[in-house]
Amino acid sequence: MNGQVTNPGGEQAVAAAVLRSDRFRLEREADWVRLDGMITAMEKGRLKRLADDDVMALPVLYRNLLSSLSIARESSLDAGLIAYLESLTLRAYFIVYGTRTTFGGWCRSFFGGALSRSVRAIGFDIVVALAAMVIGAVLGFMLVDADPQWFYRLVPAQFSDVRVPGASREALAGTLFGKQDGEGLSVFAAYLFNNNAQVAILAFALGFAFGVPTVLLLIYNTATLGAMLWVFASRGLTVEFVGWLSIHGTTELLAILLAGAAGLHIGRALGFPGKRSHLAALSQSGRTAAQVMTGVIVMLICAGLLEGFARQLVQATEVRYAIGYGILALWLAYFFAFRPRRS
Amino acid sequence: MARAAQPGRSHGIDPKLKRTLVTPEGVALAVAVAPASARIGALFIDLAALFGLVLGFVLTLALLAWAYSSAGLPAVSDGFVNFLVVLFIIGLLLARNAYFLFFELGQRAATWGKRAVGIRVASRDGGRLTAEAVIARNLLRDIEMFLPLMFMTSGGVQGSLSEFAAWSGIIWVGIFLVFPLLNKDRLRCGDLIAGTWVVEAPRSTLGAVVTKGVAPGAAAADAPSLPPDRYRFGDDELSVYGEYELQMLEQVLRTANPDAMETVAATICAKIGRSAPSGDERAFLDAYYTQLRARLERGLRFGKRRADKNS
């Protein structure tokens, strides 16, 4: 009994097959093996080496494979065959319904419109986050105005070196102009791994708790800013302080705002999923929020560069205003006015 | 009520991790969620690969710098070096994300670590795996793991890491690490947000046709070249087994281990009351397999399934 079936698909083999289900298999085996080879090549990223005929045949072969699997399940008891067809179908399915974009293609579409669309999609959350930040800043200013002791409660110790209530105008101005923190490089590095980047990322991550901690975090952080503003305002340095802050702060505060809004977007989907299931709402909002957060990371890197280099190099308040608000205008135009047609 | 035996690939997979995925064409496919052990293994391989890549890159840079200085070329200005270091820091920050994005956006939707343990990312709803989903799940990986570790390290280096911050960082990472164990689909927070899951990557090899005996009846006319079969089984001899036993027998025939075949042949003979075919087990089992399958498949065509010998 050594009747080996060596020539799959051949007339001889089909005729020699004993069972109907084996004849079914041998008649189609060549197609499966062809599809298998194509899928293997595509998985290895060699799509371009496939012949045009193969690419044209792919959808047909895939449909045929699906029907073969359905038939085999109902008519064949060859477990090895069914296992093969199942896993081949799954592989083919992953290829046919796989990602369409490459990394480079994604970068193009992301910066060429997808980011702006995502930011516009969370417009409501941006308004809420902005309100929280404005309330925080006003609150901080008013609290310190009412009782300067509040300053020490609001501002972390590392910032309140000389910048405390009652400091002289000269000391305060000294922190705004001239080199203070060493080289741009160390400032940049410290920036990226420190406070404000953490605030932005925390604001997003805490959105999972229905967004409440995000709002509190935004209020608290801008309250610090408001308290600081009061100190400088009390010595008539408001304009200079805002200029010093604006050069990188417009980018940075916008990044924190967007991160907070992205967190709120997720929290809102969790709290009020509407007619969707919680999981569906979460993944839908999560994808939008993740796009925004990718933009936030780019913005934080920009803010780090501006703080590390531009703030040291540019000492004139007018130029600081021009740079800070020029960049802000660019960001806003990119996010809200840039509406390329979907391709 | 006739019930189909579970055929094939799903043998040997934790039944708790088996899922059904329905393709847009309406065909149900069995998928298996990747177990936590595979996930953590893939993560460590990826971390090692990333570390190796960064180390290789830094060594290349150091080598280039050494070659530059030993070649006696004019020294570069501090400003330019600073600029390069800034680029390097940004690159380091983005390299991690780029690694995961690049590989998970590829056709195999798996990083090197995932490929090594045979798992891949897929969309949970059976639809297309989108770039947004891959971004989302990898962005969350940063928040779950890399960033807290990075802040803790930089805080530790600068000496500003308080005990409270260190503990909260550790707890933070710990919560996210055990999160996949707390839900049935082994979803990381990133998977939850992105609408993805990680499943076993299917592998396929097609075995040869097993049936070599002669089916009773029609087959003799189809294949006149085959020698007449020595083993013929009656209906009562074939009706003792169902699909499950058939597929066990198929496995025995595919592996073709002489000891196993001898045991199985003896068992079948005892069951149907024949004397053991000593020295000729292969032919006996081939014939029995073919005729049993012919019988069961005929039943199948008439809508009668028999899952195993007890049904």
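Quick notes on the rules
- Residues numbered from 1 in each chain as written.
- Chains lettered and ligands numbered in written order.
- Predicted model: local features only at pLDDT ≥ 70, side-chain atom pairs only at ≥ 80, totals over all residues.
- Heavy atoms only, no water.
- Helix = DSSP H or I, 4+ residues; strand = E, 2+ residues; numbered from the N terminus.
- Buried < 20%, exposed > 50% of the residue type's maximum accessible area, 1.4 Å probe, protein only.
- Contact = heavy atoms within 4.5 Å.
- Buried area = accessible area lost by both parts, 1.4 Å probe.
- Salt bridge = Lys/Arg side-chain N within 4 Å of Asp/Glu carboxyl O.
- Nonpolar A, V, L, I, M, F, W, Y, C, P; charged D, E, K, R; others polar.
- Axes fitted to C-alpha atoms, helices over the stretch in contact; angles between N-to-C directions.
- Parallel < 35°, antiparallel > 145°, perpendicular 65-115°, else oblique.
- Left-handed = near helix turned anticlockwise from the far one by under 90°.
- Pairing = 2+ DSSP bridges.
- Core = buried A, V, L, I, M, F, W, Y, C linked by side-chain atoms within 4.5 Å.
- Phe/Tyr/Trp six-rings, centres within 6.5 Å; stacked < 30°, edge-to-face > 60°.
- Lys NZ or Arg CZ within 6 Å of the ring centre and 35° of its normal.

Helices and strands together make up the secondary structure of chain A, namely 14 helices and zero strands. Taken from N to C terminus, the helices and strands of chain A fall in the order α-α-α-α-α-α-α-α-α-α-α-α-α-α. By residue count, 50% of the 343 residues in chain A fall in the buried class. In chain A, once contacts between residues fewer than 6 apart in sequence are set aside, the share between residues at least 24 apart is 76%.

Before going further, it helps to spend a moment on the interface of chain A and chain B. Taken together, the 82 residues of chain A in the interface contact 86 residues of chain B. Taken together, both faces of the contact between chain A and chain B bury some 7,600 Å²; the carbon and sulfur share is 67%. Inspection of the region where chain A meets chain B yields four salt bridges. Between arginine 254 of chain B and aspartate 78 of chain A there is a salt bridge, with its nearest N and O atoms 2.8 Å apart. Counting residues per element, the ones that place at least two in the side of chain A that touches chain B are helix 1 (11–16), helix 2 (20–43), helix 3 (52–75), helix 4 (79–96), helix 5 (103–121), helix 9 (184–192), helix 10 (195–205) and helix 13 (278–313) of chain A. With 16 residues, the single largest contributor to the side of chain A that touches chain B is helix 4 of chain A. Tallied by class, the residues present in the side of chain A that touches chain B amount to 46 nonpolar, 19 polar and 17 charged.

Tallied over the full model, the rule gives 23 salt bridges over all chains. Measuring nitrogen to oxygen at the nearest pair gives 3.8 Å for the salt bridge that ties aspartate 78 of chain A to arginine 25 of chain A. In this pair, aspartate 78 of chain A is assigned in the loop between helix 3 and helix 4 and arginine 25 of chain A in helix 2, connecting sequence segments 53 residues apart. Of the charged contacts in the structure, one is a salt bridge between arginine 293 of chain B and aspartate 78 of chain A, with a shortest N-O distance of 3.8 Å. Of this pair, arginine 293 of chain B sits in helix 11 (residues 281–301) while aspartate 78 of chain A sits in the loop between helix 3 and helix 4, which puts the two residues in different chains.

Here the focus is the packing of helix 5 of chain A against helix 13 of chain A. Residue and element names in this part refer to chain A. For the pair helix 5 and helix 13, the least separation of the axes is 9 Å and the interaxial angle reads 110°. On the basis of their axis angle, the class for helix 5 and helix 13 is roughly perpendicular. Judged by the twist between their axes, the crossing of helix 5 over helix 13 is left-handed. Along the contact surface, helix 5 presents Trp106, Phe110, Phe111, Ala114, Leu115, Ser118, Val119 and Ala121, while helix 13 presents Thr288, Gln291, Val292, Thr294, Gly295 and Val298.

The next subject is the pairing of strand 2 (residues 28–32) of chain B. Residues and elements named next belong to chain B. Pairing between strand 1 (residues 18–22) and strand 2: five bridges, direction antiparallel. Note on strand 2: the bridge partner recorded for valine 22 is alanine 28. Linking two consecutive strands that pair antiparallel, namely strand 1 and strand 2, is a turn of five residues; a positive phi of about 90° is found at glycine 26 within it.

So, on to the nonpolar core. In terms of nonpolar packing, the biggest core is built from 102 residues, with Phe204 and Val296 of chain A touching the most fellow members. Leave out the neighbours within four places in its chain, and phenylalanine 204 of chain A touches Ala259, Ala262, Gly263, Ile266, Ala289 and Met293 of chain A together with Leu139, Leu140 and Ile143 of chain B. Counting residues in each nonpolar core, the second largest holds 24 residues, with Tyr231, Leu246, Ile272 and Tyr289 of chain B among its members.

Here leucine 328 of chain A is to be found in helix 14 (residues 317–337). Residues contacting leucine 328 of chain A, with those up to four places away along its chain left out, are Thr250 and Leu254 of chain A.

Counting across every chain of the model gives 21 aromatic pairs over all chains. Look at tyrosine 93 of chain A and tyrosine 97 of chain A: their rings are 5.5 Å apart centre to centre, the planes differ by 40°, and that puts the pair in the tilted class. With respect to burial, tyrosine 93 of chain A and tyrosine 97 of chain A carry one shared label: buried. Look at phenylalanine 102 of chain B and phenylalanine 103 of chain B: their rings are 5.3 Å apart centre to centre, the planes differ by 80°, and that puts the pair in the edge-to-face class. You can call phenylalanine 103 of chain B buried: its relative accessible area is 12%. Taken together, Tyr99, Phe100, Phe102, Phe103 and Trp112 of chain B form an aromatic cluster joined through their ring pairs. Its end group placed over the ring of phenylalanine 94 of chain A, arginine 120 of chain B keeps NZ or CZ at 3.8 Å from the ring centre.

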